[in-house]
Amino acid sequence: MADRKTQRRVSGHTNRRKYIAGLAASSVVGLAGCLGDDGDDGDDGDDGDDGVDAGGARAENTLSDDELDGYEPLDDVDVIGFNRQTATYHVESQQLIEGYWQNLGLGVSFEQLDLGPLFERFNAHDFDMCAMNYVARPERLDPTMFLYPYFHSDFVESSNSGGWEHEEYDEEVELVNTVADPEERREHVYRCQEILAEEVPHIFCYHQDSFNVLWPHEHENWQAMDGTMPWWNPWTLQELSPANDEGTTVSWATTLDPPDLNPMDVSTNTENIALLMNYDRLVRIGFDLQPEPWAAEEVEAVDGSTFRVTIRDDMVFHDGEPVTVEDVKFSMDYYIEWQHPYYEDVWTPVDNVEILDDQTVQFNLNQEFAPFEMISLSNLFILPEHVWGDVVEEEGLDNPTQWTDVDLTGSGPFQIVDHQDSESLTYETFDDHFHDFEVEELFWDIYGSEAPSVGDVETGARTFAQDTAPALWDAAQTNEDVETRASPTWEFWAVSVNSRREPFNDREFRKALSHAIDRDELVDLVFYGESARAHSPIAPANEFFYNDDIGIDDGGLERAEEILADAGYKWDQDGTLYYPTD
């Protein structure tokens, strides 16, 4: 193992990327750009034939121009995805997938976008296909989070980006929401995964590990949370003790740049985690990945559709005002009133909120919702009513998302005291919080690229880098002064297929695209073998709910061509894919 890692470090960072480019460039159409070093002349790819040998199903279904009457070539496929600044490793995956699909005879290229425009296109359903990473923060461990809002037909105008509808799936995932018994609930989760594998509304590719680098010398008692953010969570920070004079500050070196800090205008996970410390929640997911009371003293499930919450009596907001049950009710009512799109799964189950006494609030749901505590109560920011109650009228806004000079008063353990756009966020410990912290300051340092961010961790200039590029993590393992951590996660990376458009509404076409992807190669080349292939949104790391009986689409190009041929697709003499017009 040591020799293999050494070889990767010596030559892998350049040659590996050239090899990825070479694989992609060997497709029928070829790629315009490669993943080699800046200044590459592009001649490091495969020196062999640029074409794909037609055999089997393709050979039998390749027609001359005279025989193609009644067929039309597929339009170039519009695929949007990440750019290199957002995630180099996802760009490498996109580059490989582009080559796999071009080998099928598709005119396809990935349009690489900044995170903001990518989410705008994704949320507007303005794409043929969209490569997207579905982030696995702890609150998303429950299978409902990935199975329900992204695939149920009720959400085709919002989070169901592909517009896919399936009656049996809707019935099964509704039972996932309502059945309380864990074993019975797992049966419905399994069936949902089976349907998704059969219908392919998304082309699931991998569940990536989280790659993290830590400078551990200024703080004692580091305890990591599983998932993508092992150290940026209040439980970890609460356990830390300064090991020296520098240990009162924890600094995160990251390329993540929150575009907006308005909690009512959160649209990305970056904004969500930026506000995670500033606002309290009734429940937070603990080290054991189970919901634990936080601002709540107790959560009681009266029945499957009624949850009674007793809040702590020692909470105050950053401005000194007490946190009350009125603020808790206001926060959920505010989400419902303005139909907060990012937290749609938080407020959708709620019919109304009742105040029972000075410390008790009751959430009455539309129907039974088994994961209410895990999902809704752990994601609801407690907003101060005295700050937000009249802001729309006072500021002359159409809705609270338009508040630009937002008052960030919360009650969280760390208060945002400075925000320099695209540079940094600074948090100070809130001394009146109900939990004690020895850390006095958090510093979120925004970098233009990942290499210098990890480099600063390796020299001790910054405390940690989280969810970073696999190649940088692999290289950091030679540095004895840092700790490296590769954590299996329950997130998934997939290509959402817009079923509103042809031919993407054709299940056989979607299945062929899925089979054409070599997932083993993706994981080996992009993630050094440290991630898992995907066949559904549920990852092997979510062991109880993971259905490992489903076979992954790994038939390769040959099987993809068989599926297309059986569905009536043809190829011309140049290898271009055609579909029947009748």
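Numbering of residues starts from 1 in every chain and runs along the sequence as written. Owing to the predicted nature of the model, reporting of local features is limited to residues with pLDDT of at least 70; listing and counting of side-chain atom pairs is limited to 80 or more, with chain, interface and lining totals taken over all residues. Derived side-chain values reflect all non-hydrogen atoms in the structure, with water molecules and hydrogen atoms excluded from consideration.

Here the rule is simple: two strands pair whenever DSSP picks up at least two bridges between them. Under the scheme used here, helices are H or I runs from DSSP no shorter than 4 residues and strands are E runs no shorter than 2 residues, and both carry numbers assigned from the N terminus. Across the sheet, four strands lie side by side as 12-13-15-14; this open sheet has antiparallel pairing. The open sheet has two edge strands, strand 12 (296-303) and strand 14 (350-355), and neither has a second partner. Each strand of the sheet is rotated relative to its neighbour by a mean of 20 degrees, with strand direction disregarded. Bridging between strand 14 and strand 15 (residues 360-365) involves five bridges; their strand directions are antiparallel. Its bridge partner lying in strand 15, asparagine 352 is registered against asparagine 364. Residue contacts are counted whenever heavy atoms from the two residues lie within 4.5 Å of one another. Under this scheme, a helix contributes an axis fitted over its contacting stretch, all axes are lines through C-alpha atoms, and angles between N-to-C directions fall in the 0 to 180 degree range. Along the sheet face, helix 10 (residues 325-337) touches strand 13 (306-311), strand 14 and strand 15 and points at about 160 degrees away from the line of strand 14.

We call a set of buried Ala, Val, Leu, Ile, Met, Phe, Trp, Tyr and Cys residues a nonpolar core when their side-chain atoms join them within 4.5 Å. In this scheme, a residue with accessible area under 20% of its type's maximum is buried, one over 50% is exposed, and one in between is partly exposed, where area comes from a 1.4 Å probe on protein chains only. Core analysis: the biggest nonpolar cluster contains 82 residues, and Trp232, Leu282, Phe363, Trp388 and Tyr427 have the highest contact counts within it. With six residues, the single largest contributor to this core is helix 10. Apart from residues lying up to four places away in sequence, tryptophan 232 is in contact with Trp252, Ile273, Leu276, Met277, Tyr427, Leu442, Trp444, Phe464 and Gln466.

Within the element layout of this structure, leucine 356 appears in the loop between strand 14 and strand 15. On a C-alpha basis, the gap between leucine 356 and glycine 556 in space is 60 Å, while along the polypeptide they are 200 residues apart.

Right, let's get into the packing of helix 3 (residues 88-102) against helix 18 (residues 519-527). Following both chains from N to C, one finds helix 3 and helix 18 inclined at 145 degrees, their axes separated by 10 Å at the closest point. Crossing of helix 3 against helix 18: the hand is right-handed. When helix 3 is examined against helix 18, the residues Tyr89, Glu92, Ser93, Leu96, Ile97 and Tyr100 are found in contact with a partner set consisting of Glu521, Leu522, Leu525, Val526 and Phe527. When residues are sorted by character, Ala, Val, Leu, Ile, Met, Phe, Trp, Tyr, Cys and Pro go into the nonpolar class, Asp, Glu, Lys and Arg into the charged class, and all the rest, Gly among them, into the polar class. Taken together, the residues of the contact of helix 3 with helix 18 break down into eight nonpolar, one polar and two charged. It is the rotation of the near helix from the far one that decides the hand of a crossing: anticlockwise by less than a right angle makes it left-handed, clockwise makes it right-handed.

One speaks of a salt bridge when a side-chain nitrogen belonging to Lys or Arg is within 4 Å of a carboxyl oxygen belonging to Asp or Glu. Evaluated as defined, the whole model comprises 20 salt bridges. In this structure, arginine 191 and glutamate 168 form a salt bridge, with 2.9 Å as the shortest nitrogen-oxygen distance. With arginine 191 in helix 7 (residues 182-199) and glutamate 168 in helix 6 (residues 167-178), the pair connects residues that are 23 residues apart, well separated along the chain. For glutamate 168, a relative accessible area of 31% gives the class partly exposed. Notably, a salt bridge pairs arginine 559 with glutamate 562, separated by 3.3 Å at the nearest N-O pair. One end of the pair, arginine 559, and the other, glutamate 562, are both in helix 19 (residues 556-566), three residues apart, so they sit about a helical turn from each other. On the accessibility criterion, glutamate 562 (30% relative accessible area) is partly exposed.

The subject of this paragraph is helix 7. Multiplying 1.5 Å by the helix residue count minus one yields the expected span of that helix. For helix 7, spanning 18 residues, the distance from its first C-alpha to its last is 26 Å, which sits close to the expected 26 Å at 1.5 Å a residue. Every buried residue of helix 7 is listed here: Arg185, His188, Val189, Cys192, Gln193, Ile195, Leu196 and Glu199. Taken end-on, helix 7 shows its buried residues confined to a sector of 160 degrees, consistent with a single buried face. In this structure, the buried residues of helix 7 make contact with helix 5 (144-147), helix 6, strand 5 (202-207) and helix 17 (507-515). Directions pointing from the helix axis toward each C-beta atom define the arc.

Here we take up the state of the cysteines. Note on terminology: disulfide denotes any pair of cysteine sulfur atoms within 2.5 Å. Scanning the entire structure with this criterion turns up zero disulfides. Here cysteine 130 is not disulfide-linked; the sulfur of cysteine 205 is the nearest cysteine sulfur, at 12 Å. Residue classification places cysteine 130 among the buried residues on the basis of a relative accessible area of 0%.

In short, geometric facts, not functional conclusions.
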